[in-house]
Amino acid sequence: MSKVLVSDPIDQAGIDILSQVATVDIKTGLKPAELIEIIGDYDALMIRSGTRVTEEIIEAGTQLKIIGRAGVGVDNVDVPAATRKGIVVVNSPEGNTIAAAEHALAMMLALSRHIPDANVSVKSGEWDRKTFVGAEVYKKTLGIVGLGKIGSHVASVAKAMGMKLLAYDPFISNERAEQIGCQLVELDLLFQQADYITLHIPKTPETTHLINAATLAKMKPTARIINCARGGIIDEAALAAAIKEGKIAGAALDVFESEPLGESELRSLGKDIILTPHLGASTTEAQVNVAIDVAEQIRDVLLGLPARSAVNIPGLGPDVLEELKPYMQLAETLGNLVGQLAGGRVETLTVRLQGELATNKSQPLVVASLKGLLYQALRERVNYVNANIEAKERGIRVIETRDASVRDYAGSLRLEATGTLGTHSVTGALLGEKEIHLTDVDGFPINVPPSKHMLFTLHRDMPGIIGKLGSLLGSFNVNIASMQVGRKIVRGDAVMALSIDDPLPDGILAEITKVPGIRDAYTVTL
Ligand SMILES: NC(=O)C1=CN([C@@H]2O[C@H](COP(=O)(O)OP(=O)(O)OC[C@H]3O[C@@H](n4cnc5c(N)ncnc54)[C@H](O)[C@@H]3O)[C@@H](O)[C@H]2O)C=CC1
Ligand SMILES: O=C(O)C(=O)COP(=O)(O)O
């Protein structure tokens, strides 16, 4: 049975799902050294933001197949290191969207009305109304940095509260922003005009210290900043100084450069600052959502099925996966086949999406083709996660082409491998919903389903050749399950595709090529 380590607090709903397929150990609060010591025993690791999954931990996780982040941000996981090792990293892109957006909105209102400090004041026996005179958000300008899932929800609620919305997000179209009621503007303008600035971007090298002394200097003295995205997007020392010096009016922070927050000047800024301990996703609803979402993906991967929200499988979202799943299998089979036909070291793989397939995303099919191509060399060590990297490291050049005019089948895929021993091509299509058929080998039309053991010959189309090959195989006790010849012209060159019951015995290929008329023979195991 597989083993899963849960190293941060996860809702029981997730544990129950994992327990269906694995032994689940819950060990929270582990020190890095403790995690390194035990991770080698586990097939999967389930975390939240508390566990830092470094390269060292990934190296020690020799059995790891998947890291599941029960939440959105994966900045606490060394994703490139996981990718190199073929470990799938999944998250829950939507499970806590509402929770995080509502926390940001709550922070904005709480900051405007000094609710946390007023609350402490009343609880300590005071009745001070003067100190806590606040500001309204109605008709004020909210600047949203990052108009993704959380930013968009914040926008729609803020709109209903009568706020004017500016947004900065270089990856969002004007039409999308308008739909949400936001005006897309440059960052400088947003900083200059906003009364409230709320951050909803991931932490990346570009966004680190996006809010710094220079950008704080551009803001209104009445501006308030809310960060429920990631620590480190704000330079905390610069923020503390700006609040102290009255350059901005205040801030509400849920996330910090270092968590848990240690010694910090931020704690001493009174009612102009609100600090919460990374509570954005901490609602009952969100925790159930993310736990189920991620546990289901871990379960699926442990059962050999694909994950729906892998962050390190290029282009493979849940919708794409659903649509392309049968074609992924086709691509993998063709990759495996063309790799074996090519024999030597493959230098270039050309992936051509034909017919209806030409309008699809090519990236997942390229990855699946490469996985198939590299299978003979890497076996189970190659997967959708690392196929691209492994191909790059082997110097395989990938060319993607499309041809919507090919109409023989609804959609078909053609792979051509050029290597040290020459060029070979195979084309395949799906019959019905998902039955794979080879429709062309080296330019010769055929129509056979691939089978586990196959023999291909390149020969002259002439009387008696099929009989001779049949007799030869018979003399080696090789049983033929099916056979088909593909030719372009009568008595010209032709290809024969045979499905055989067992692997071809050693030495027989050389005998086959001695049959007059047979130029080449290839054996393949799929
Ligand atoms: N405090 C908490 O507990 C939680 C924090 N988060 C954090 O919230 C952030 C946003 O999450 P989602 O909205 O779900 O992600 P998302 O991926 O839906 O949206 C992020 C948006 O940021 C934009 N973006 C990326 N780089 C940018 C840049 N340099 N400048 C401006 N925009 C940029 C993207 O185009 C995208 O539209 C993440 O960092 C996530 O980790 C998420 C959930 C809970
Ligand atoms: O989902 C995210 O990105 C979060 O920041 C939530 O973090 P958490 O799972 O509450 O530790």
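Before reading further, recall that the structure is shown in the block above.
Residues numbered from 1 in each chain as written. Chains lettered and ligands numbered in written order. Predicted model: local features only at pLDDT ≥ 70, side-chain atom pairs only at ≥ 80, totals over all residues. Heavy atoms only, no water.

Draft legend 1. Highlighting the site of ligand 2. As a structural note, the neighbourhood of ligand 2 is formed by R48, S49, R69, A70, G71, V72, G73, N96, R230, H278 and A281. S49 is positioned such that a nitrogen or oxygen atom in its side chain is 2.4 Å from an oxygen atom of ligand 2. Contact between ligand 2 and N96: an oxygen atom at 2.9 Å from a side-chain N or O atom of the residue. For ligand 2, whose free accessible area comes to 320 Å², the fraction covered by protein is 91%. Looking at the shell around ligand 2, its residues break down into 3 nonpolar, 5 polar and 3 charged. (Near = heavy atom within 4 Å. Polar contact = N/O pair within 3.5 Å; in protein donor to acceptor, adjacent residues only side chain to side chain. Areas by Shrake-Rupley, 256 points an atom, 1.4 Å probe, with all protein chains shown as cover. Nonpolar A, V, L, I, M, F, W, Y, C, P; charged D, E, K, R; others polar.)

Draft legend 2. Seen up close, the sheet that holds strand 6 (residues 141-145). In space, the 7 strands of this open sheet follow the order 8-7-6-9-10-11-12, with parallel pairing throughout. A single partner strand is all that each edge strand has here, and the edge strands are strand 8 (183-184) and strand 12 (273-275). Relative to strand 11 (residues 250-253), strand 10 (residues 224-227) runs parallel, the two sharing 4 bridges. Across the sheet, residue R224 finds its bridge partner in strand 11, namely G250. Strands strand 6, strand 7 (164-168) and strand 9 (196-199) of the sheet are contacted by helix 7 (residues 149-160), whose axis makes an angle of about 170° with strand 6. Along the sheet, helix 11 (residues 236-244) contacts strand 10, strand 11 and strand 12; its crossing angle with strand 11, the most-contacted strand, is approximately 145°. (Pairing = 2+ DSSP bridges. Helix = DSSP H or I, 4+ residues; strand = E, 2+ residues; numbered from the N terminus. Contact = heavy atoms within 4.5 Å. Axes fitted to C-alpha atoms, helices over the stretch in contact; angles between N-to-C directions.)

Draft legend 3. Summary view of unusual backbone geometry. The omega torsion of the bond from E259 to P260 falls at -5°, within 30 degrees of zero and hence cis. Note that P260 resides in the loop between strand 11 and strand 12. One non-glycine residue with positive phi stands out, namely H114, at about 55°. Within the secondary structure, H114 sits in the loop between helix 5 (97-112) and helix 6 (115-123).

Draft legend 4. Representation of the site of ligand 1. Around ligand 1, the surrounding shell holds 25 residues, and the nearest of these are K149, I150, D169, I201 and C228. The backbone of G73 places a nitrogen or oxygen atom 3.5 Å from an oxygen atom of ligand 1. Take A281: an N or O atom from its main chain is 3.2 Å from an oxygen atom of ligand 1. Alone, ligand 1 offers 860 Å² of accessible surface; in the complex the protein occludes 86% of this. Residues belonging to the shell around ligand 1 are distributed by class as follows: 13 nonpolar, 8 polar and 4 charged.

That's the geometry; what it means functionally is another story.
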